[in-house]
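The chain contents come next:
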Amino acid sequence: MEGYVADLVSSLLNYTTYSSQRIQLQSEELGEALTPHSKALVEELGSNVTHIKPLKELYREFSGAVRSAQYSLKSCEDLKAFSDQFNSTTEHLVRVFNLIRKSVTEESMSMSCSLQMEECNTVISDTAQPLVLSLQNTALSLSHLAHISDSATTARYIPPFIADVRELGGNVRAHLSALHPK
């Protein structure tokens, strides 16, 4: 699981950095000012590190507590901290992806947008929604896990959580590959 979390954090940081740079370069290349949604997106992307990066360390603390003490009050507290950060990150990323969809729509409506760029923007917009839903499903599963206290109930919620994380990983990869069509 730790590998999934590390990969997710790395992918999200790379993607959001790419998105910020893409917006700036696109504006400069076309000689156009940033659109209102693009400006809002750049501002929202400025807080990525505080939202995304802590996930890796908080998960490491939780998994370390579980490995050393099995299922204990300490591991529950660490899981709750990880869950709270994941929820905060999910809320941030929902705002980011909504702004990305609005920004690429504005970009596509620009007179200077090429057909190839418009097609790329459509793919970016279309792949964002499944990614947002996967983030929200994973956050909900994680929240359930973080707020239960008995091992029987925990065992019931672990398989859906793992399935949600795997689906999220697949949607992140699909969204990232949409940015670099072959």
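In this text the structure is predicted, and so the values were computed from the model without any measurement.

A.B. asks: Explain the overall build of the chain to me, using residue names and the numbers behind them.
C.D. replies: What the chain contains, in helices and strands, is seven helices and zero strands. Beginning at the N terminus, the succession of helices and strands in the chain can be written as α-α-α-α-α-α-α. A fraction of 78% describes how many contacts in the chain between residues 6 or more apart in sequence connect residues 24 or more apart. Surface exposure of the chain reaches about 9,700 Å², of which carbon and sulfur atoms provide 57%.

A.B. asks: Requested: an account of the side chain of His51, with residues and values cited.
C.D. replies: The residue His51 is located in helix α3 (residues 48-52) in this model. In terms of polar contacts, His51 uses its side chain to reach the side chain of Ser88, at 3.3 Å. Once residues within four sequence positions are removed from consideration, His51 is found in contact with Gln85, Ser88, Thr89, His92 and Arg95.

A.B. asks: Tell me what's going on with the packing of aromatic side chains, and back it up with residues and numbers.
C.D. replies: Summed over the entire model, instances satisfying the criterion amount to two aromatic pairs. With a centroid separation of 5.6 Å and an interplanar angle of 20°, the aromatic rings of Tyr15 and Phe97 are classed as stacked. Of this pair, Tyr15 sits in helix α1 (residues 2-30) while Phe97 is found in helix α5 (residues 73-109), placing the two residues 82 residues apart along the sequence. Each member of the pair, Tyr15 together with Phe97, is buried. Look at Phe82 and Phe86: their rings are 6.1 Å apart centre to centre, the planes differ by 50°, and that puts the pair in the tilted class. Residue Phe82 and its partner Phe86 are both found in helix α5; the two are separated by four residues, about one turn of the helix.

About the cut-offs
- Residues numbered from 1 in each chain as written.
- Predicted model: local features only at pLDDT ≥ 70, side-chain atom pairs only at ≥ 80, totals over all residues.
- Heavy atoms only, no water.
- Helix = DSSP H or I, 4+ residues; strand = E, 2+ residues; numbered from the N terminus.
- Contact = heavy atoms within 4.5 Å.
- Areas by Shrake-Rupley, 256 points an atom, 1.4 Å probe, with all protein chains shown as cover.
- Polar contact = N/O pair within 3.5 Å; in protein donor to acceptor, adjacent residues only side chain to side chain.
- Phe/Tyr/Trp six-rings, centres within 6.5 Å; stacked < 30°, edge-to-face > 60°.
- Buried < 20%, exposed > 50% of the residue type's maximum accessible area, 1.4 Å probe, protein only.

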